[in-house]
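# Observations on the model geometry
Letter by letter, the chains look like this.
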Amino acid sequence: MVIDFSTLYDMPKSFERMFDEMSRLHSFSSRRTAYPLLNVHENEDGYTVDVSVPGVAPGDVELTLTDRNLIIKGERKATEGRYFRQERLSGSFQRILSLNVPVDRDRVSARSENGILRVTLPKAEAVKPRKIAVEAQAGGVQ
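In the annotation of an unreviewed UniProt entry, the protein is listed under the name Hsp20/alpha crystallin family protein and assigned to Nitratidesulfovibrio oxamicus. As stated in UniProt under Sequence similarities (unreviewed entry), the record for the protein gives "Belongs to the small heat shock protein (HSP20) family."

In structure tokens:
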């Protein structure tokens, strides 16, 4: 009778492969469940944050601006009934977006249209680029 121990030698590699796959699946699923999805766009005047919240009424979203963060809280209400498949998340949500530059708090605005909440965050005047005029002096530079 011959006993084959080669499968026992491969076991540590099998466990390592299994844990790698589990960690990859976990990181993918945690990124996928970040809700609501958002895009951040910068231009010379400020930032625009587009938040995808289809099916969420504007009154069910709360925006808070701190000195360093934009906090987006809300709730997507679930419809009543028996589900055969449910892929859209329901319940309370919160996203915190870190702001790297000061914004003009008095000019921040938000509007909702077609399931997209658009938050406009104008940059503070102190951080906007400023052009400096160069004056010519009569007689040249010495």
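So much for the structure itself; the text now carries on.
With that settled, consider unusual backbone geometry. Despite not being glycine, N114 shows a phi value in the positive range, around 55°. Position of N114 relative to the elements: it lies in the loop between strand 6 (109-113) and strand 7 (116-122).

Here three strands make up an open sheet; going across it, the order is 3-4-5 and the pairing antiparallel. Edge strands, defined here as strands with exactly one partner in the open sheet, are strand 3 (61-65) and strand 5 (91-98). The average angle at which neighbouring strand axes cross in this sheet is 10°, direction not considered. Where strand 4 (residues 69-76) meets strand 5, eight bridges bridge the pair, whose relative direction is antiparallel. Paired with E75 across the two strands is S92, which belongs to strand 5.

With 17 residues, the main nonpolar core has V49, V53, L70 and L121 as its most contacted residues. Among the elements of the structure, strand 2 (46-52), strand 3, strand 4, strand 5 and strand 7 are those that each provide at least two residues to this core. In contact with V49, not counting residues within four places along its chain, are L38, N39, V40, L70, L97, L117, R118, V119 and L121.

The side chains of a regular strand alternate between both faces of the sheet. Here five bridges tie strand 3 to strand 4, and the two strands are oriented antiparallel to one another. Bridge pairing in strand 4 links T64 to I71. Joining the antiparallel neighbours strand 3 and strand 4 is a turn of three residues.

This brings us to the sheet that holds strand 7. Sheet architecture is open: four strands sit in the order 1-2-7-6, paired in antiparallel fashion. Edge positions in the sheet fall to strand 1 (38-42) and strand 6, since each has one partner strand and no second. Pairs of neighbouring strands in the sheet enclose a mean axial angle of 15°, with direction left out of account. In this structure, strand 6 lies alongside strand 7, joined through five bridges in antiparallel fashion. Its bridge partner lying in strand 7, S109 is registered against T120.

Take the packing of aromatic side chains next. On inspection of all chains with the given rule, the structure shows one aromatic pair. Ring centres of Y35 and F93 lie 5.2 Å apart, and the angle between their planes is 85°; this geometry places the pair in the edge-to-face category. Of the two residues, Y35 is situated in the loop between helix 1 (6-32) and strand 1 and F93 in strand 5; the sequence distance between them amounts to 58 residues.

Going through the model one piece at a time under the given rule, you end up with six salt bridges. Here E87 ties to R85 by a salt bridge, and the two come within 2.5 Å at their closest N and O atoms. The closest approach of N and O atoms between R111 and E113, which form a salt bridge, is 3.2 Å. Overall, E113 belongs to the partly exposed group, its relative accessible area being 47%.

Rules behind the numbers
Residues numbered from 1 in each chain as written. Predicted model: local features only at pLDDT ≥ 70, side-chain atom pairs only at ≥ 80, totals over all residues. Heavy atoms only, no water. UniProt positions renumbered as here; feature names shortened; annotations may be inferred. Helix = DSSP H or I, 4+ residues; strand = E, 2+ residues; numbered from the N terminus. Pairing = 2+ DSSP bridges. Axes fitted to C-alpha atoms, helices over the stretch in contact; angles between N-to-C directions. Core = buried A, V, L, I, M, F, W, Y, C linked by side-chain atoms within 4.5 Å. Buried < 20%, exposed > 50% of the residue type's maximum accessible area, 1.4 Å probe, protein only. Contact = heavy atoms within 4.5 Å. Phe/Tyr/Trp six-rings, centres within 6.5 Å; stacked < 30°, edge-to-face > 60°. Salt bridge = Lys/Arg side-chain N within 4 Å of Asp/Glu carboxyl O.

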